[in-house]
Amino acid sequence: MATAEIKKPIKVPCRECNIKTLHDILCESTERGDEDYDFYSTYQVIQCRGCQTKGFRHYSADYEQGYPVSETEWEFPETSETYPKFDSDHRPLDNMYEVPDVVRSIYFETRLAIKEDALTLASLGLRGTVEAICNDLKITGSNLASRITKLSSQGLISKKDAERLHAIRFLGNDAAHEIKKPKRTQITVAVKIIDHLINSIYLLEKEADGSLETAVGDFDQFTTLLKPNLAKLAKGDELPLAAILGRDVRRLVTGPGAFESQLISQISAGAFPHLALGKVAKYANSKEDLQHFTVQ
């Protein structure tokens, strides 16, 4: 009984391992040239020996274009492409489902353009991703330059990050107005900048909120911090804000006074029913009289 031919494994890039690994050839179909033109083309289903990811490979060799490299050896033009295509210079961000659709969709389209080596379109997509982030964050302005500046002035990104985003703006403008194709090294760096932006604005924020005691910078964050502390108290307890927050008061970088006046306004307007205004008096060893709040 005839035995099946055992194919020698090939070393090609793996989209999961992100490096070249040994792949087994699961099946293949080969086409050959005729007597007029000699070429070799084969289509293969392959599987990585490391992560077991399957893919496709097209390999071809043109024997008509061969040339001697020694008295006994010839070399032939060869091509080897694997599918689905991927960018070996890039590691995908985790938890992209946390990113708003308006940002995620243009980002993924841009990544697809990079994989297909459509770098001019990729430049436009990277610029468009910055625009989409500004739209999602409701950052307005007459042009992208002013919107990037606002991202920095509003504390959403650093000044250095803003400078890098302007570089992406220039890259996109060159592609749009001069149809100028960027170098792959430029695109690689630009993608890292965009990944850092998405990571810092959307992904790290959620991870940090879930596992670290982050600083509280606005009133919505303040009330989110306040409510669990109120749940630990009994109805009728009357305490100043610092005593209600306890250890969490350190998360108010500018101190409780920065939010107290807004909280009083909310209580007076009936917009914060969890508390009522109490007495103004000293508490513990305080040197000054403090506004007290009564738990409802």
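Owing to the predicted nature of the structure, the values given are computational and were not obtained by experimental measurement.

Calculation rules
- Residues numbered from 1 in each chain as written.
- Predicted model: local features only at pLDDT ≥ 70, side-chain atom pairs only at ≥ 80, totals over all residues.
- Heavy atoms only, no water.
- Helix = DSSP H or I, 4+ residues; strand = E, 2+ residues; numbered from the N terminus.
- Contact = heavy atoms within 4.5 Å.
- Salt bridge = Lys/Arg side-chain N within 4 Å of Asp/Glu carboxyl O.
- Buried < 20%, exposed > 50% of the residue type's maximum accessible area, 1.4 Å probe, protein only.
- Pairing = 2+ DSSP bridges.
- Axes fitted to C-alpha atoms, helices over the stretch in contact; angles between N-to-C directions.
- Phe/Tyr/Trp six-rings, centres within 6.5 Å; stacked < 30°, edge-to-face > 60°.
- Core = buried A, V, L, I, M, F, W, Y, C linked by side-chain atoms within 4.5 Å.
- Parallel < 35°, antiparallel > 145°, perpendicular 65-115°, else oblique.
- Nonpolar A, V, L, I, M, F, W, Y, C, P; charged D, E, K, R; others polar.

With that settled, consider the environment of Glu-131. Within the secondary structure, Glu-131 is located in helix α2 (residues 119-136). Each C-alpha atom, one on Glu-131 and one on Arg-169, is 9.5 Å from the other, the two residues being 38 residues apart in sequence. Leave out the neighbours within four places in its chain, and Glu-131 touches Leu-144 and Arg-147.

Here we take up the pattern of salt bridges. Close approach of charged atoms allows side chains of opposite charge to pair. Tallied over the entire structure, the rule returns 10 salt bridges. Put simply, Asp-161 and Arg-164 hold a salt bridge, and the shortest N to O gap is 3.0 Å. Taken together, the positions of Asp-161 and Arg-164, both in helix α4 (residues 159-178) and three residues apart, correspond to about one turn of that helix. Overall, the relative accessible area of 14% leaves Asp-161 in the buried class. Several salt bridges converge on common partners, so that one network encompasses Glu-81, Lys-85 and Glu-116.

With that settled, consider the sheet that holds strand β4 (residues 54-62). Across the sheet, which stays open at both edges, the five strands sit in the order β1-β2-β3-β4-β7 with antiparallel pairing between neighbours. Either end of the sheet is taken by a strand with one partner, and the two such strands are β1 (10-13) and β7 (78-83). Strand-to-strand, the axes of this sheet are offset by a mean angle of 35°, without reference to chain direction. As judged from the nine bridges shared by strand β2 (residues 20-32) and strand β3 (residues 39-48), these two strands associate in the antiparallel manner. Looking at the pairing, Ile-25 lines up with Ile-46 of β3.

Reading across the sheet, the three strands line up as β8-β10-β9 and stay open at both edges, with antiparallel pairing between neighbours. Lying at the two open borders of the sheet, with one neighbouring strand each, are β8 (238-240) and β9 (275-281). Within this sheet the neighbouring strands show an average axis-to-axis angle of 35°, counted without direction.

Turning next to the packing of aromatic side chains. By convention here, two paired aromatic rings are described through the distance between centres and the angle between planes. As enumerated under the stated definition, the model contains four aromatic pairs in all. Aromatic ring contacts, followed pair by pair, group Phe-219, Phe-222 and Phe-259 into a single cluster.

Let us look at the nonpolar core. In this structure, Leu-165, Ile-168, Ile-187, Ile-198 and Tyr-202 are the most contacted members of the largest nonpolar core, which totals 33 residues. Going through the elements one at a time, α1 (101-115), α2, α3 (144-153), α4 and α5 (184-211) are the ones with two or more residues in this core. For this core, the element with the highest residue contribution is α5, accounting for 10 residues. Setting aside residues up to four positions removed in sequence, Ile-168 forms contacts with Leu-126, Arg-127, Val-130, Ala-190, Ile-193 and Ile-194. Listed in part, the 18 residues of the second largest apolar core include Val-216, Phe-222, Leu-245 and Phe-259.

To continue, consider the packing of helix α6 (residues 219-231) against helix α8 (residues 257-268). Two elements in contact, α6 and α8, have axes whose closest approach is 11 Å; the angle formed by their N-to-C orientations is 80°. Considered as vectors, α6 and α8 are oriented roughly perpendicular to each other. Contacts from Phe-219, Phe-222 and Leu-226 in α6 reach Phe-259, Gln-262, Leu-263 and Gln-266 in α8. Residue composition of the contact of α6 with α8, by class: five nonpolar, two polar and no charged.

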